[in-house]
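Summary of the model geometry
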Amino acid sequence: MKHTRKAFSAIFVMALVFGGLVSADAQSEITVLAPTIARKPIDTIIANFQAKTGNKVKVTYVNGTAARQSVAKGQTLDVSLIIGPFPGAIASGTIVPSSATPIANFLIGVAVPKGAPKPDISSPAAVKKALLAAKSIGYEDPDFTVAGQGPWEALNKLGIADQVATKSKVMLGPGGQGISPTATAGATTTYQRLQSGDLEIGLLLLSDEIPYKDKFDIVGVLPRKIYTPSPLVGFISTHASDPMAAKALLQYLASSEAQPILKDAGLEPHS
């Protein structure tokens, strides 16, 4: 009987220890919500973080606007990387506002078809002249994409949104039904139109243009005076399973080790 009790006791202790190890291992995994448009550099940086720390990281990627909408609706992943503006996310109570960690900025790049003349975009006046002179310009739907926000802001700050409306070929978002197809390009992407020469000037995220740089020519980025680069900011969840590990990940994403990776991908590292 004593041997039986000892055996049960040993099994019980082993179960507790094993259960504790499993629980600790589960808690060591940091869950992250991130925008798909930054997937390549984020994957590289996170792989380096895992190798350095031994922490496991699981990333869920969604499109840029969906990421901040998910946070605003109360998603509970440990870390959220979201693109501004995000007043709804802050107000949701899902993330800790004081944990805000700027990671990088998304810049708007100007592109032209392969071999086409490159316009002067060195100043707001030069950009205005180039856009007014172009027979066609293209950008994404500003109501549904992060990539469309900067171009739309620039056109309005330059005071030419109405003047270029009829020659603007907008890649429509899901709410574009009902807009005249003669004023838009429907579902045809700006990338396709640049490659085919159907656009004289394309305005897209620089980080999205770089993978296609052999298909069209990148002129440069829009001057900051006419638009605000979209910031990528990291937050810790109010219900993070391991706030310290989450904080360590955010600090690494914003570290000097991560900056070259972000820069190579066409993002402007936060300094």
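The notes below deal with the structure included here. Here, residues in each chain are numbered from 1, in the same order as that chain's written sequence. For this predicted model, a pLDDT threshold of at least 70 governs which residues receive local features, and a threshold of 80 or more governs which side-chain atom pairs are given and counted, while totals over whole chains, interfaces and linings are taken from all residues. The side-chain figures draw on all heavy atoms in the structure; neither hydrogens nor water molecules are used.

1. Quick notes on the sheet that holds strand 1 (residues 29-35)
Overall, mixed pairing links the six strands, which are arranged 2-1-3-10-4-11 in an open sheet. Whereas interior strands pair on both sides, the edge strands pair on one side only; in this sheet they are strand 2 (56-62) and strand 11 (267-269). Each neighbouring strand pair of the sheet contributes to a mean axis angle of 20 degrees, computed without reference to strand direction. For strand 1 and strand 3 (residues 79-83), the ladder comprises two bridges, and the chain directions are parallel. Pairing of Val32 across the sheet is with Val79, part of strand 3. In this fold helix 3 (residues 64-72) packs onto strand 1, strand 2 and strand 3, with an angle of close to 130 degrees to the strand it touches most, strand 3. Residue contacts are counted whenever heavy atoms from the two residues lie within 4.5 Å of one another. Only the stretch in contact is used when fitting a helix axis, every axis being a line fitted to C-alpha atoms; angles between N-to-C directions are given from 0 to 180 degrees. We count a stretch as a helix when DSSP gives it H or I for four or more residues in a row; a strand needs E for two or more, and each element gets its number in order from the N terminus. Packing against the sheet, helix 9 (residues 243-253) makes contact with strand 1, strand 2, strand 3, strand 4 (101-106) and strand 10 (230-236), and its axis sits at approximately 160 degrees to strand 10. Criterion used throughout: strands pair if DSSP finds at least two bridges between them.

2. Here we look at the sheet that holds strand 7 (residues 168-171)
Spatial ordering of the open sheet is given by 7-6-8-5-9, a layout of five strands whose pairing is mixed. The open sheet has two free edges, formed respectively by strand 7 and strand 9 (216-221), since each of these has just one partner strand. Across this sheet, the average inter-strand angle for adjacent strands is 30 degrees, counted without regard to direction. With four bridges joining them, strand 6 (residues 137-140) and strand 7 adopt parallel strand pairing. When the sheet's bridge partners are listed, Ile137 is paired in strand 7 with Ser168. Where helix 6 (residues 146-157) meets the sheet, its contacts fall on strand 5 (108-113), strand 6 and strand 8 (201-205), and the angle it forms with strand 6 comes to roughly 130 degrees.

3. A word on the environment of Pro211
Structurally, the position occupied by Pro211 is in the loop between helix 8 (206-209) and strand 9. Relative accessible area decides the class of each residue, using a 1.4 Å probe on protein chains only: under 20% of the type maximum gives buried, over 50% gives exposed, and in between gives partly exposed. On the basis of relative accessible area, Pro211 is assigned to the exposed category, the value being 57%. Along the primary structure Pro211 and Gly266 are separated by 55 residues, whereas in three dimensions their C-alpha atoms are 9.5 Å apart.

4. Some details on unusual backbone geometry
Across the chain, the bulk of peptide bonds are trans and the bulk of non-glycine residues have phi less than zero. In this structure, Pro85 follows Gly84 across a cis peptide bond, with omega equal to 0 degrees. With respect to the element layout, Pro85 can be found in the loop between strand 3 and helix 4 (87-91).

5. Some words on helix 2 (residues 39-53)
Over its 15 residues, helix 2 extends 21 Å from the first C-alpha to the last, a length consistent with the 21 Å expected when each residue adds 1.5 Å. If you check which residues of helix 2 are buried, you get Pro41, Ile42, Ile45, Ile46 and Phe49. Viewed end-on, helix 2 has its buried residues packed into an arc of 125 degrees, placing them on one side of the element. Every exposed residue of helix 2 that faces more than 90 degrees away from the buried side is listed here: Lys40 and Ala51. Close packing links the buried residues of helix 2 with strand 1, strand 2, strand 3, helix 9 and helix 10 (259-264). Downstream of helix 2 by a residue or two, Gly54 has a phi angle that is positive, lying close to 85 degrees. Every helix has an expected span of 1.5 Å times one less than the residues it contains. Note: the arc covers the axis-to-C-beta directions of the helix.

6. Here's the deal with helix 5 (residues 124-133)
Residues Ala126, Val127, Ala130 and Leu131 constitute the buried set of helix 5. The buried residues of helix 5 occupy an angular sector of 130 degrees when the element is viewed end-on, so they sit on one face. Turned more than 90 degrees away from the buried face of helix 5 sit Ala125, Lys129 and Ala133, all of them exposed. The inward-facing, buried residues of helix 5 abut strand 6, helix 6 and strand 8.

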